[in-house]
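Structural overview
The lines below spell out each chain.
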Amino acid sequence: MRVKIYDVDVGKVKTSNADIAAATSINYKTMPVTCLPFPTGALGQRCTTKWRKEFKATAINFAASLDQPFASNGLLHEHVPTWWEYLFDFAMEDHWKWTPNTQDALPAVVEQSAKIITEWRSSIGKAAIAILSDIFEHHEMDKQQIIDWVKDIRGDAGEFRWLYANPDAPKGKKGAFQSDLVLGVFAGHLKQTSGAMLDHGVPVGGLALCTAAMERALELWANGEDPKKKDAEAKKHDETGKKRSQPIPSFGGDVWISCTAGYVALAHGLKEDEHWPKILSEAEARIPASAATTTSAESDVDVRATLSL
């Protein structure tokens, strides 16, 4: 079966998530899942289970199919009604009880969907850091050994050795996105999409996001210190009330959005009948059993987009 990639021009989106949320004074994104318009009793519990499994997986699957996964929240109002209708046999308005206006049901569901995707992106960033932590702990590396290991696997500037299954192979045969590090993060993503009820296409954005997360993790570990411990230390306050150090920057912002875009451009060079089946199968093999090129030299082209496959 031929798989299509759905490209969405975010610049053409006229109504944002924030515009919809403005229709009500309640910030549903900060509320628990119980704010969703489900019936009471056993049926409501079954709906909550379906939300946490199928709806969540479908939302993440959608975000991962986009060229701009960091911009997915602004597109949710167009897709959430379709997902709802597919998964539930009643209208959102039927069981809305938070406000007198039943039209507030859609903003609530959209905001809860945005929460799912935001948490998904955050989980990818944390997973990459944890994968490296497990490697260093397993091999009982000290600080200097970690520094040397990270330096070696990153390679020279622009080399990105950690991206490839065979970094020393000829151009075109290196196995981009097929390193153990990238596949490890990507496996975690695929686990989160298990149960998705709708297929939005190959997860170009998801693969790129996982790859950018690993690049960030390597950068954070470059000085040989555990980023999570540094982050915990940053949250402590001394007697004067001043933080002792800066916390880890969140996985987002212009730097990592741009980085992800570079990997998206590279991933578009992957062949659907050759590269994608191998990447998906190898990543799926890493999921625990208990869980279900361009050569442009223009300055505005991210270096990641020009790497070899």
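Residues numbered from 1 in each chain as written. Predicted model: local features only at pLDDT ≥ 70, side-chain atom pairs only at ≥ 80, totals over all residues. Heavy atoms only, no water.

Looking now at the packing of helix α4 (residues 105-138) against helix α7 (residues 204-221). The interhelical angle for the contact between α4 and α7, taken along N-to-C directions, is 50°, at an axis separation of 8 Å. Taken as axis vectors, α4 and α7 run oblique relative to one another. Crossing geometry of α4 relative to α7 is assigned as right-handed. On α7, the residues that touch W120, R121, I124, G125, A128, I129, I131, L132, S133 and F136 of α4 are G206, L209, C210, A213, M214, R216, A217, L218, L220 and W221. Its residues assigned to classes, the contact of α4 with α7 shows 15 nonpolar, three polar and two charged. (Axes fitted to C-alpha atoms, helices over the stretch in contact; angles between N-to-C directions. Helix = DSSP H or I, 4+ residues; strand = E, 2+ residues; numbered from the N terminus. Parallel < 35°, antiparallel > 145°, perpendicular 65-115°, else oblique. Left-handed = near helix turned anticlockwise from the far one by under 90°. Contact = heavy atoms within 4.5 Å. Nonpolar A, V, L, I, M, F, W, Y, C, P; charged D, E, K, R; others polar.)

Right, let's talk about the packing of helix α2 (residues 41-64) against helix α6 (residues 180-193) for a bit. In contact at an axis separation of 7 Å, α2 and α6 are set at 135° when each is read in the N-to-C sense. Comparing their axes, α6 and α2 come out oblique. In this structure, α2 uses A57, I60, N61 and A64 to contact α6, whose residues at the interface are H189, Q192 and T193. For the contact of α2 with α6, the per-class residue count stands at three nonpolar, four polar and no charged.

As a further point, take unusual backbone geometry. If you check the backbone angles, E140 has positive phi at about 50° while not being a glycine. Position of E140 relative to the elements: it lies in the loop between α4 and α5 (143-154). Its identity is not glycine, yet F160 carries a phi of approximately 55°, on the positive side. Here F160 is to be found in the loop between α5 and α6. Given a relative accessible area of 10%, F160 falls into the buried group. (Buried < 20%, exposed > 50% of the residue type's maximum accessible area, 1.4 Å probe, protein only.)

Right, let's talk about the side chain of T193 for a bit. Among the structural elements, T193 can be located in helix α6. From its side chain, T193 meets the backbone oxygen of L190 in a polar contact 2.9 Å long. Excluding residues that lie within four positions of it along the chain, T193 makes contacts with A57, I60 and N61. (Polar contact = N/O pair within 3.5 Å; in protein donor to acceptor, adjacent residues only side chain to side chain.)

Under the defined criterion, the tally for this structure stands at five salt bridges. One salt bridge in this structure joins R161 and D168, with 2.9 Å as the shortest N-O distance. Its relative accessible area of 64% is what places D168 among the exposed residues. The partner of R286 in a salt bridge is D180, with the nearest N and O atoms 2.5 Å apart. On the criterion of sequence distance, the pair formed by R286 in the segment after α10 (275-284) and D180 in helix α6 is long-range, its members being 106 residues apart. When its relative accessible area of 35% is taken as the criterion, R286 is described as partly exposed. The class for D180 is exposed, based on a relative accessible area of 57%. Put simply, E159, R161 and D168 are held in one network by salt bridges that share partners. (Salt bridge = Lys/Arg side-chain N within 4 Å of Asp/Glu carboxyl O.)

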